[in-house]
Amino acid sequence: MQGLEGKVAVVTGAARQRGIGRAIALRLAEEGCNVVVTGFPRDPSSYPAHERDAGWRGVHSVAAEIEAMGRGSLASEFDVVRGDEVSAMVDSVIERFGRLDIIVNNAALPSEAGAAPILDMDDEVWYRTVDVNLNGVYLVTKFGGRAMRAAGNGGVIINISSMAGRQGLPNYGAYCATKWGLIGLTQQLAVELAPSRIRVNCVCPGSTDTDMMDGTFGRTAARYNLPAEAPRQGAVSRIPWGRQGRVEEQAAAVAFLASDEASYITGQTLNVDGGLRMD
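Residues numbered from 1 in each chain as written. Predicted model: local features only at pLDDT ≥ 70, side-chain atom pairs only at ≥ 80, totals over all residues. Heavy atoms only, no water.

**With respect to the packing of aromatic side chains**
- The full count for this structure, using the stated rule, is one aromatic pair.
- Ring centres of Y172 and Y175 lie 6.3 Å apart, and the angle between their planes is 55 degrees; this geometry places the pair in the tilted category.
- Its relative accessible area of 10% is what places Y175 among the buried residues.
- We note R128 situated over the ring of F40; from NZ or CZ to the ring centre the distance is 5.5 Å. (Phe/Tyr/Trp six-rings, centres within 6.5 Å; stacked < 30°, edge-to-face > 60°. Buried < 20%, exposed > 50% of the residue type's maximum accessible area, 1.4 Å probe, protein only. Lys NZ or Arg CZ within 6 Å of the ring centre and 35° of its normal.)

Following this line, the structure appears as structure tokens:
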């Protein structure tokens, strides 16, 4: 990809070994970026078995992978809904690298996706999901965007939505609402930030092979008393490409939108879903 060498990127929600965020961070590093890897602190006892077996250390493991590639990295654990913590993160990026060129807003909560309808939701789950999936994007964009605007070098912001932001899905809790909201926020920001030459786009992953998606399938199976693999098989059966996406495929779309090859693209939402939706 053209124009990524030496750029500095912040990728939120990049702490999971089988997550889209990690794949994005690694792909941007491959393309020449220095990458700030962020995530919410997790208790290691809550890690899935494959992370525990690998001695996984969250954002620190991802940062080490990036540094092994010869790129600069910074691991930052904070809560995206805390403005003071977000501001401090951006300050640390400027202090370490002297610039900020790319923001990938990937941090998200799955809410109770697959588990319960809106009328049966726990209120705190709704509020926390809205906080992370929308308010967190607002805060990271606000403080990071201010740094970009002040530098006067333009920049790129990429929001990670979902196919749940394209179509209402039953029992998806607050996830649908917040992911729909990201598409509208993307369009608004694209207009507002165009004078500062900051491009803003959105990626909507379809069903992708991650721990988060596994959790959704598990909750769906439990709710409807289905065999464990039935929800995954049902999802795949509706995808023209005939399989789930890979995290690397989502990362490739982000790298393209972050690069100079997408220099005339802003305010757009790209589906990366194997042909499930064509709008």
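**Considering the side chain of N105**
- Along the chain, N105 turns up in strand β4 (residues 102–105).
- When its relative accessible area of 2% is taken as the criterion, N105 is described as buried.
- Of the polar contacts made by the side chain of N105, one reaches the side chain of N159; its length is 2.9 Å.
- Contacts of N105, omitting those with residues within four sequence positions, involve T12, V137, V140, T141, I157, I158, N159 and I160. (Helix = DSSP H or I, 4+ residues; strand = E, 2+ residues; numbered from the N terminus. Polar contact = N/O pair within 3.5 Å; in protein donor to acceptor, adjacent residues only side chain to side chain. Contact = heavy atoms within 4.5 Å.)

**Some remarks on the pattern of salt bridges**
- Using the criterion set out here, one finds 16 salt bridges in the structure.
- Residue R18 is joined to D214 by a salt bridge in which the shortest nitrogen-to-oxygen separation is 3.0 Å. Of this pair, R18 sits in the loop between β1 (8–11) and α1 (20–30) while D214 sits in helix α7 (residues 211–224), and the two are 196 residues apart along the sequence.
- Between E65 and R22 there is a salt bridge, and its shortest N-O distance comes to 2.5 Å. With E65 in helix α3 (residues 59–68) and R22 in helix α1, this pair connects stretches of sequence that are 43 residues apart. (Salt bridge = Lys/Arg side-chain N within 4 Å of Asp/Glu carboxyl O.)

**Some remarks on the nonpolar core**
- Formed by 35 residues in total, the largest nonpolar core has its most connected members in I24, L28 and V35.
- Counting residues in each nonpolar core, the second largest holds 27 residues, with V81, A107, A147 and M148 among its members. (Core = buried A, V, L, I, M, F, W, Y, C linked by side-chain atoms within 4.5 Å.)

**Concerning the sheet that holds strand β7 (residues 269–272)**
- Read across the sheet, seven strands follow the order β3-β2-β1-β4-β5-β6-β7 without closing on themselves; strand pairing throughout is parallel. Whereas interior strands pair on both sides, the edge strands pair on one side only; in this sheet they are β3 (73–77) and β7. When strand polarity is set aside, the average angle formed by the axes of neighbouring strands in this sheet is 15 degrees.
- Pairing between strand β2 (residues 34–39) and β3: five bridges, direction parallel. (Pairing = 2+ DSSP bridges. Axes fitted to C-alpha atoms, helices over the stretch in contact; angles between N-to-C directions.)

**Remarks on α3**
- Residues V59, S61, V62, A63 and I66 constitute the buried set of α3.
- Of the surrounding secondary structure, the elements contacted by the buried residues of α3 are α1, β2 and β3.
- Once α3 finishes, G70 follows within two positions and takes phi at roughly 90 degrees, a positive value.

**Observations concerning the pairing of β1**
- Burial along β1 is two-sided: the residues V8 and V10 and A9 and V11 are all buried.
- Here β1 runs beside β2; their pairing, made up of four bridges, is parallel. Considered in β2, the bridge of V11 is made with V37.
- In this fold, the crossover linking β1 to β2 by way of α1 has right-handed handedness.
- Direction of pairing for β1 relative to β4: parallel, over a ladder of three bridges. Across the sheet, the residue bridging to V10 is I103, located in β4. (Right-handed = clockwise from strand over helix to strand, strands pointing away.)

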